[in-house]
Amino acid sequence: MSAYSPRLSRLIEALRRLPGVGPKSAQRMAFHLLDRDRQGAQLLGETLVEALGGIGRCPSCRMFCDEGENCRYCSSSRTAAGQLCVVESPADLMAIEGGTSYRGRYFVLMGRLSPLDGIGPEELGLDRLQAQLAAGEVQEMIIATNPTVEGEATAYYLAEMARGQGVRVTRIAHGVPMGGELEYVDGGTLAHALSGRTPV
Amino acid sequence: MDHGRVQLEPCWLLSARPYSETSLLVEAFSERHGRIGLVAKGARGAKSRHRALLQPLRPLLLSWTQRGELAALTGVEANGPPPGLAGERLFYGWYLNELLLRLLHRQDPHPDAYRAYGEALAALPGAEAEFALRLFEKALLADIGYGLDIPEDIDPALRYLYSEQEGFQPSARGHCSGRALIALRDGEPAGEGEWRTELRRLMRERVRRQLGGRELETAKLLRQLRARV
């Protein structure tokens, strides 16, 4: 039998759905909300319900966006830049947006090609991407999938698709991280860095 | 050496997928232990040193402790460079991996299949990549007890029909030419021609039978992608 009352144990179970939250942390959160911050708990509950009902996916870039509003990553000024950056996840989009000066459009795959997990072109929305390439507004497609085996295979097919539509394709460089030391970089990364060297 | 403790065992990495919050569930293939399922604790964390190494198709030296069905990964070192596969050839590599994952049980050594896997992977960047897949299928089926018995007296000019009971018999209705069967038997490609398609169909049918009629995901995905580009 559970040590908690039925409602309390439901709350703790629900909190455990969050990433990185185990039974101990969930209990701490539940007690905190109930004891110290009932107003905050109210806010959390309402915000969650509101978010679930009001946040969807942008039909053109597949990033999360508020229903009924224009996607902030698909504005006309971004479209005018003519660049489309393809990333695997919303977190990757945020990393590029926050860490670089890139201000073109995006396409979020929400995954990568992975036959052993049954993830194919349909799951990644490649039809939608192909339609955008065919529409002719994209002058350059920047592939920013991860440098993993799955990311490489995905990049290969993205490049083939873009070439088929006559769109210029580039791939982000991978190599030695800033502030890194060659001695501690693994062989594969170093080999990439060396083969992808640029004239100075 | 402790019981259940393995040090720096040469392995190929078949697949690595997310497992719990920061770990990876790794499937590897070793000569002495067969297919092994390993949990790499914390391998998805930002500080993991193993992440770059734990990639499919990579030859590795793995250390682990075996307790029950899943082993705990305790060490990873590179055992050579990754096979230089790009584009569609990556899918060929995945295909080999999927075959092993679907047809072999965990902790069941298959040294012949292990050797055949290494040879096939080495041949994948080359011109005879597809033929390497056929040879691997043949070797793997033989290793799990469903070998194709190709007779010595095959006539390259005849056509052959395969049946479970009688094996390969000459027949005008046969799906496979003698030339194709000789190539498969001897492991020597026979130049250009229909024989490649014949062998692909023959082996696909044999493999599918072992999988209970199901298709391999890699083959399906590759077909979908080819239809698009």
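Residues numbered from 1 in each chain as written. Chains lettered and ligands numbered in written order. Predicted model: local features only at pLDDT ≥ 70, side-chain atom pairs only at ≥ 80, totals over all residues. Heavy atoms only, no water.

A. The arrangement of the environment of Ser101 of chain A in detail. Along the chain, the position of Ser101 of chain A falls in the loop between helix H5 (90–99) and strand S4 (105–108). Between the C-alpha atoms of Ser101 of chain A and Ile12 of chain A, which are 89 residues apart in sequence, the distance is 42 Å. (Helix = DSSP H or I, 4+ residues; strand = E, 2+ residues; numbered from the N terminus.)

B. Seen up close, the sheet that holds strand S3 (residues 34–40) of chain B. Residue and element names in this part refer to chain B. The mixed closed barrel is built from five strands, whose spatial order is S1-S2-S3-S5-S4. Across the sheet, the mean angle separating the axes of adjacent strands is 55° when strand polarity is ignored. Packing against the sheet, helix H1 (residues 88–103) makes contact with strand S1 (5–19), strand S2 (23–30) and S3, and its axis sits at approximately 100° to S1. Across the sheet, helix H2 (residues 111–123) is in contact with S1 and S2; its angle to S1 comes to roughly 65°. (Pairing = 2+ DSSP bridges. Axes fitted to C-alpha atoms, helices over the stretch in contact; angles between N-to-C directions. Contact = heavy atoms within 4.5 Å.)

C. Structural view of the pattern of salt bridges. Residues and elements named next belong to chain B. Evaluated as defined, the whole model comprises 27 salt bridges over all chains. Glu88 serves as the salt-bridge partner of Arg226, at 2.8 Å between the closest nitrogen and oxygen. You can see Arg226 sitting in helix H6 (residues 217–228) and its partner Glu88 sitting in helix H1, a full 138 residues away along the chain. What makes Arg226 partly exposed here is its relative accessible area of 43%. Between Glu217 and Lys220 there is a salt bridge, with its nearest N and O atoms 3.6 Å apart. Of this pair, Glu217 and Lys220 are both found in helix H6, three residues apart, which corresponds to roughly one turn of the helix. Among the residues examined, Glu217 registers a relative accessible area of 28% and is labelled partly exposed. The partly exposed category is assigned to Lys220, whose relative accessible area is 31%. Among the ionic contacts, a cluster of salt bridges with common partners joins Glu27, Arg35, Glu69 and Arg106. (Salt bridge = Lys/Arg side-chain N within 4 Å of Asp/Glu carboxyl O. Buried < 20%, exposed > 50% of the residue type's maximum accessible area, 1.4 Å probe, protein only.)

D. Here's a closer look at the sheet that holds strand S6 (residues 159–163) of chain B. Residue and element names in this part refer to chain B. Read from one edge of the open sheet, three strands run S7-S6-S8, paired in antiparallel fashion. The sheet is open, and its two borders are formed by strand S7 (167–170) and strand S8 (176–177), each paired with just one other strand. Judged from the two bridges that link them, S6 and S8 form a sheet pairing that is antiparallel. Bridge pairing links Tyr160 to Cys176 in S8.

E. Focus on the interface of chain A and chain B. At the junction of the two partners, chain A supplies 26 residues and chain B supplies 22 residues. Both sides of the chain A and chain B interface together cover about 2100 Å² of buried area, and 68% of this is carbon and sulfur. When the buried surface of chain A facing chain B is broken down by residue, Pro115, Leu116 and Tyr157 of chain A rank first, second and third, together holding 34% of it. On the surface where chain A and chain B come into contact, there are one salt bridge. Of the charged contacts in the structure, one is a salt bridge between Asp117 of chain A and Arg17 of chain B, with a shortest N-O distance of 3.3 Å. Summed over the shared surface of chain A and chain B, the result is four residue pairs in polar contact (both at pLDDT 80 or more). Mapped by element, the contributors of at least two residues to the side of chain A that touches chain B are helix H6 (126–135) and helix H7 (149–164) of chain A. The greatest single-element share of the side of chain A that touches chain B, amounting to eight residues, is contributed by H7 of chain A. Here the side of chain A that touches chain B is composed, by residue class, of 14 nonpolar, six polar and six charged. (Buried area = accessible area lost by both parts, 1.4 Å probe. Polar contact = N/O pair within 3.5 Å; in protein donor to acceptor, adjacent residues only side chain to side chain. Nonpolar A, V, L, I, M, F, W, Y, C, P; charged D, E, K, R; others polar.)

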